[in-house]
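Coordinate inspection notes
Below, each chain spelled out in residue letters.
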Amino acid sequence: MNLPKDAIVAPFIRVEEDESGRLQKIEFTNDDNFNFAYDVVDQMAKKNPDKLAMLHISKNGKERSFSFYDMSRYSSKVANYLQYLGIRKGDRVMLVLKRHYQFWFAILALHKIGAVVIPATNLLLKSDFEYRFKAANVDAVLCTADGQVSREIDKACRTYKDLKVKIMVGASRKGWHSFNKEVKYFSSHFRRPRGENAIHGEDPSIMFFTSGTTSYPKITTHNFKYPLGHYVTAKYWHQVDPDGIHFAISDTGWGKALWGKLYGQWLCEAAIFTYDFDDFDAKEILTMIEKYKITTFCAPPTVYRVLVHMKLDQYDLSSLQNVTTAGEALNPEIYEKFKEKTGLTLMEGFGQTETTLTVGNLYGTTPRPGSMGKPTPQYDVRIMLPDGTIADNCEEGEIVIRTDEKIPNGLFMGYYADEEKTEAAWYDGYYHTGDTAYCDEDGYLWYVGRVDDVIKSSGYRIGPFEIENEIMKLPYVLECAVTAVPDPIRGQAIKASIVLTDTVAASDKLKSEIMRSLKKNIASYKWPKVLDFSKELPKTISGKVRRKEIRENDENESSNE
């Protein structure tokens, strides 16, 4: 069936659903010149100008409501302001704006100009900015006044001389333009570029730096069609309610923010909720859900691992219609505990900075605890063996996306200025995700780990996730990571790094208890040789566990013995 004629996305998206509303097929049309800012936000401002687009709560608790008319008007003001400062189509502009509401004005304004947006976290330091400025050839930066981040940028500019414009949001100081003071003088009308400045769907629009689990993050480049790829994300996975409000935890410095705080939600004409907090506080988040009657919620597994240890019955979560998770694989134990405490079913999904939602538990499906779900109709997903053949059911292999017949909206253009890395990941008609999984007889995918995370011990190939799942069943375990350590006999042995809850203390007796539990529940070749209690696990600044860092530390210790 087609979308209703008055739907804002009807000219660009066609879907087919079965009788129960489950997505069967999706096609994209008339997207050669698609621009999210003009074709969605500005059109929504005409169709339903007073409809809520975002409810924003500052870290001090101040509430701000923005309609689609507000978003259209303010983004045009900012587009005129940025053009006045010299920003043009194709310029690369970094946004370091936390969860400030000005981020939404700025990203839409840059879309209107045709400039390339580079989201970045405020946790970066001088060396991080130096690398990113040079690698992406950054032309301008809009930066929060909070903290020391602007000073770190100034330090980076001592060696990087090509930054044309520096704009500060929230305050001002020497060498920086003041966004708040200056933008108010500009018109709220901005004419869509035509002729040589016209913006085409294939033009680059967004550049994300990957999480950096390797030494230098790659730069994933997406075109202006990318937002359309998030329709499935919001409509069938988040299951946003056009009359409700969606809350995603993510910071705007990461690609996940555009999964849950902008594109898909507004394509579905649903409002978003943004809380501009500095530090995560689970009690505050639960209070926000209760107070503002959040209808759909998305957070990484790390958040749910904290929530299941809280007294959730003290909060009214009855407004929640659907809850989702992505970013890392979700342990079945967390899935079961959360459902037991709330009655809510966690709908897991899988995707990358290079894609939109690729695999997920979509509307109308029944999740299987521990499974990522099924491939979405948007992507032709396969499991590939190391020899390049397609795996049979229950055979482990790499998750790949077939692209020889068509390149789906949502898949990246390539790694910016790095043909070698692009060709290493995308060749012979397939994009290789670097993640391993297997597919069961019913089409559900089960995550195993990153290709580099697979442990090879005594001739066995062992995925860490299955062992981590068993350890996570223990009530006193908060987090864990399973990695390989060098072993003179096995080649590699298995190590489990464990973070305990504050209810128990680390001891040799506890290690013995953990091992007894594992020996009852997993095959002997999967038993860890080393158990290590840690106060915390090393993570990327986006919150993903850095198993690579654990392995490298163990290898260094082994070589020094």
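Above this text sits the structure in question.
Because the structure is a prediction, the values reported are computed rather than measured.

Further remarks concern the pairing of strand β11 (residues 219-223). Among the five residues in β11, five count as buried, and that is most of the element. Neither face of β11 is open: one carries Ile219, Thr221 and Asn223, the other Thr220 and His222, and all of them are buried. Relative to β11, strand β10 (residues 204-209) runs antiparallel, the two sharing five bridges. Across the sheet, phenylalanine 208 pairs through a bridge with threonine 220, a residue of β11. The pairing of β11 with strand β21 (residues 414-415) spans two bridges and is antiparallel. Among the inter-strand pairings, threonine 221 is bridged to a residue of β21, identified as glycine 414.

In spatial order, the strands read β27-β28-β29; together these three strands make up an open sheet with mixed pairing. Edge positions in the sheet fall to β27 (477-487) and β29 (530-533), since each has one partner strand and no second. Neighbour to neighbour, the strand axes of the sheet diverge by 25° on average, direction disregarded. Relative to β29, strand β28 (residues 491-500) is paired through four bridges, and the arrangement is parallel. Looking across to β29, one finds that isoleucine 498 is bridged to phenylalanine 533. Relative to the sheet, helix α14 (residues 464-472) contacts β27 and β28, its axis offset from that of β27 by approximately 140°.

Attention shifts here to the nonpolar core. Phe36, Met71, Leu82, Leu95, Ile107, Tyr231 and Trp266 are the most contacted members of the largest nonpolar core, which totals 78 residues. With nine residues, the single largest contributor to this core is helix α3 (residues 102-113). The residues touching isoleucine 107, leaving out its near neighbours within four places in the chain, are Leu95, Val117, Ile206, Leu258, Leu262 and Tyr263. Grouped together as the second largest cluster of nonpolar side chains are 56 residues, Ile294, Val323, Ala496 and Leu531 included.

About the criteria used
- Each chain has its residues counted from 1, following the order in which its sequence is written.
- For a predicted model such as this one, the threshold for reporting local features is a pLDDT of at least 70, and the threshold for listing and counting side-chain atom pairs is 80 or more; totals across whole chains, interfaces and linings nevertheless cover every residue.
- For side-chain calculations, the full set of non-hydrogen atoms in the structure is used, while hydrogens and water are omitted.
- Think of it in three bands: residues with accessible area under 20% of the maximum for their type are buried, residues over 50% are exposed, and the middle band is partly exposed, with areas taken using a 1.4 Å probe on protein chains only.
- The way it works is that DSSP assigns letters per residue, a run of H or I at least four long becomes a helix, a run of E at least two long becomes a strand, and they are numbered from the N terminus.
- In this scheme, strands are said to pair when DSSP sees at least two bridges between them.
- In this analysis an axis means a line fitted to C-alpha atoms, helices contributing only their contacting stretch, and an angle means the value between N-to-C directions, from 0 to 180 degrees.
- Contact definition: two residues touch when any of their heavy atoms are within 4.5 Å.
- Think of a nonpolar core as a cluster: buried Ala, Val, Leu, Ile, Met, Phe, Trp, Tyr and Cys residues, connected wherever their side-chain atoms sit within 4.5 Å.

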